[in-house]
Amino acid sequence: MSEVFVKINNKQLGPLNRREIKNLVVNGEFSQDDLVYHEDMQEWVAANQIDELRTIFSDDQKQQRRKTVYAIGGGKGGVGKTVLCASLGIGLATYDHQVVVVDADLGGANLHTCMGILEPEYTFYHFYTLQRERLEDICLETPVDNLKLISGACGTLGFANPRYSQKVRFIHQLRQLDADYVLLDLGAGSSYNVIDFFLAADEGILVTTPDPMAIQETFNFLKIAIMRRFVREFRKKPAVLSVIDQYMYSEPGKMQFTMDDIIKDVKEIDDEASSYIEHYLANYHPHLILNMVHSSKEIREGDSFRMAAHDILNVDVDYMGFVEFDESVRKSVKELKPFVLSNPRSKASKNLAKLIAIGMLKKSGWTSIKEKRQVLQNFRAESADYPDTNMQESDTICSVNCFYWGDCEYQEGGYPCPIRNLDPIFKRHG
Ligand SMILES: Nc1ncnc2c1ncn2[C@@H]1O[C@H](COP(=O)(O)OP(=O)(O)OP(=O)(O)O)[C@@H](O)[C@H]1O
Ligand SMILES: [Mg+2]
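Residues numbered from 1 in each chain as written. Chains lettered and ligands numbered in written order. Predicted model: local features only at pLDDT ≥ 70, side-chain atom pairs only at ≥ 80, totals over all residues. Heavy atoms only, no water.

J.: So, the sheet that holds strand β4 (residues 43-46): which residues are in play, and what are the values?
T.: Ordered by their spatial adjacency, four strands build an open sheet running β2-β1-β3-β4, and the pairing between neighbours is antiparallel. For this open sheet the edge positions go to β2 (11-16) and β4, each flanked by a neighbour on one side alone. Strand after strand, the sheet turns through a mean of 35° between neighbouring axes, direction not considered. Inspection of the sheet shows strand β1 (residues 4-8) paired to β2 by four bridges, in the antiparallel sense. Bridged to V6 within β2 is L13. The strands that helix α1 (residues 18-26) touches are β1 and β2; relative to β2, the one it contacts most, it runs at about 135°. (Pairing = 2+ DSSP bridges. Helix = DSSP H or I, 4+ residues; strand = E, 2+ residues; numbered from the N terminus. Axes fitted to C-alpha atoms, helices over the stretch in contact; angles between N-to-C directions. Contact = heavy atoms within 4.5 Å.)

J.: Kindly report on empty space enclosed by the protein, identifying the contributing residues and their values.
T.: Under the defined criterion, the tally for this structure stands at two cavities of 30 Å³ or more. Estimated volume of the largest cavity: approximately 50 Å³. Lining the largest cavity, in full, are V69, I171, L174, R175, L184, F197, A200 and A201. When residues of the lining of the largest cavity are traced back to their parent elements, those giving at least two are α6 (164-174) and α7 (192-200). Along its surface, the second largest cavity is lined by R134, L135, E136, Q173, Q176 and L177. Each residue belonging to the lining of the second largest cavity can be placed in one class, and the counts come to two nonpolar, two polar and two charged. (1 Å grid on protein atoms, 1.4 Å probe; cavity = no way out; pocket = protein on both sides within 12 Å on 5 of 7 lines; lining within 4 Å. Points joined across faces, edges and corners; volume = space filled by probe spheres on them. Nonpolar A, V, L, I, M, F, W, Y, C, P; charged D, E, K, R; others polar.)

J.: Before we move on, could you go through the site of ligand 1 and cite the residues and values that matter?
T.: Around ligand 1, 18 residues are found, and the nearest of them are G78, K81, T82, N291 and D326. Within the backbone of G78, a nitrogen or oxygen atom sits 2.9 Å from an oxygen atom of ligand 1. Here an oxygen atom of ligand 1 and a side-chain polar atom of K81 are 2.8 Å apart. Placement of ligand 1 is best described as lying within the second largest pocket. Going through the elements one at a time, α3 (81-93), β11 (287-293), β12 (318-324) and α14 (327-335) are the ones with two or more residues in the shell around ligand 1. Residues belonging to the shell around ligand 1 are distributed by class as follows: eight nonpolar, five polar and five charged. (Near = heavy atom within 4 Å. Polar contact = N/O pair within 3.5 Å; in protein donor to acceptor, adjacent residues only side chain to side chain. Sits in = over half its atoms within 2 Å of the grid points.)

J.: Which residues make up the layout of surface pockets, and what values do they have?
T.: Here the largest pocket defines a volume of roughly 1,600 Å³. If you trace the largest pocket, you find 35 residues lining it, with G28, S31, D34, Y164 and V168 closest to the centre. Counting only elements with at least two residues in the lining of the largest pocket, the list comes to β1, β2, α2 (51-62), α6, α7 and α8 (212-233). The residue makeup of the lining of the largest pocket, split by class, is eleven nonpolar, nine polar and 15 charged. The residue makeup of the lining of the largest pocket includes at least three contributed by each of domain 1 (4-62) and domain 2 (68-385). (Domains from an automatic or database assignment.)

J.: Summarise the domain arrangement of the protein; cite the residues concerned and give the values.
T.: We note that the domain assignment places domain 1 (4-62), domain 2 (68-385) and domain 3 (393-430) within the protein. Centre-to-centre, using C-alpha coordinates, domain 2 lies 38 Å away from domain 3.

J.: Explain the packing of aromatic side chains to me, and be specific about the residues and the numbers.
T.: Any two aromatic rings considered together are summarised by their centre-to-centre distance and by the angle between their planes. Evaluation of the coordinates by the stated rule reveals 16 aromatic pairs. Consider the rings of F198 and F221, whose centres lie 5.0 Å apart with planes at 85°: the pair is edge-to-face. With F198 in helix α7 and F221 in helix α8, this pair connects stretches of sequence that are 23 residues apart. Under the relative-accessibility criterion, F221 is labelled buried at 0%. On the basis of an interplanar angle of 40° and a centroid distance of 6.4 Å, the ring pair of F230 and F234 is categorised as tilted. Here a set of aromatic residues connected by ring pairs shows up, and it is made of F124, F127, Y128, F170 and F197. (Phe/Tyr/Trp six-rings, centres within 6.5 Å; stacked < 30°, edge-to-face > 60°. Buried < 20%, exposed > 50% of the residue type's maximum accessible area, 1.4 Å probe, protein only.)

Laid out in structure tokens, this is it:
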């Protein structure tokens, strides 16, 4: 094939040979819908219309193993997205699935800490700065067989808002990872970065606690995600877009519309677009996990959420299950161990085993009980081998040599310092 010109994000590049184009495809920077200048036809055509290029895309697809990408999000901070991501990953990995857990919390990466991996050799930083070209090059082994980790770039400025092309490269390569399940741990909030990752996944899991503020925030997150989907879908239909925009940018606190309102308004100007919206909503089934549940009354908040999503958003949410509030989860975070391994007999571990068996692996009836028991057994077997990161006792002994000696109200010479027990996560060496 002779060299060709291509257009990416309206920017012309080239002339490029086949190998250079293949590199762009592998990096997720060029897709089959992007434009290529066709010399014979003397016009710009979609890349998949050119025979020599079509094979690049089919090679690329062949490399992709069948996998499910789950995004774990929900808007509210501190509801347990990260701890659930780690423990869900372990549950699926001990079930003999190949799993990669990915820290996609660009502003506050901490999945690695939650797993006791304090100094990840590679992080998103190496991928972002092109020191490592492929996402699989920054995949880290974890102490659990079949489970790998892609660590976020913690403590580094400038990653909270990657450029669009970097996001596309990241999302494209997620699909190339050699795994059965990829679990993305998203950050809090409903910024476009978070929402775009949520929508890019095959399956979205909303995590919330049962308190009204968290439920409300999660509901708004879902609403914004759906609206963002429509904005992207109708970017070439300005009239439809302006209807969506009117609803989306209504006065703060007045996002009281229903999807039926939107469908009705869109139908008046574009029948095809309103059918698309109806079809999309009928086929969109985000999942829901309720975390830190205190009572059976609170468990039912999941059903209330489902009903509201059905009535207002025309979406059937799959309520996957719940995890009770359990002090052992907090303790496990301090031990830097995923909770299902720190205490596999805890209430929370049992809840999670049920959630994996029924909610994720879709077992039912007697099989679900058997599978739940199997998941718990796997947790117990795995917990024996998971390394300890000793955070409980500080190595630093209180003494006159300390800079704060004389001023510190916790001073107790000769005993371990109670304040510097977190040193391992601050990476204060020497
Ligand atoms: N089931 C539970 N019972 C008790 N405590 C819990 C439970 N689940 C999570 N927690 C606690 O909640 C805290 C926040 O959890 P986590 O960091 O996973 O939340 P997050 O949603 O990822 O937060 P962020 O949005 O800031 O990333 C942790 O300290 C954890 O111990
Ligand atoms: Mg988190």
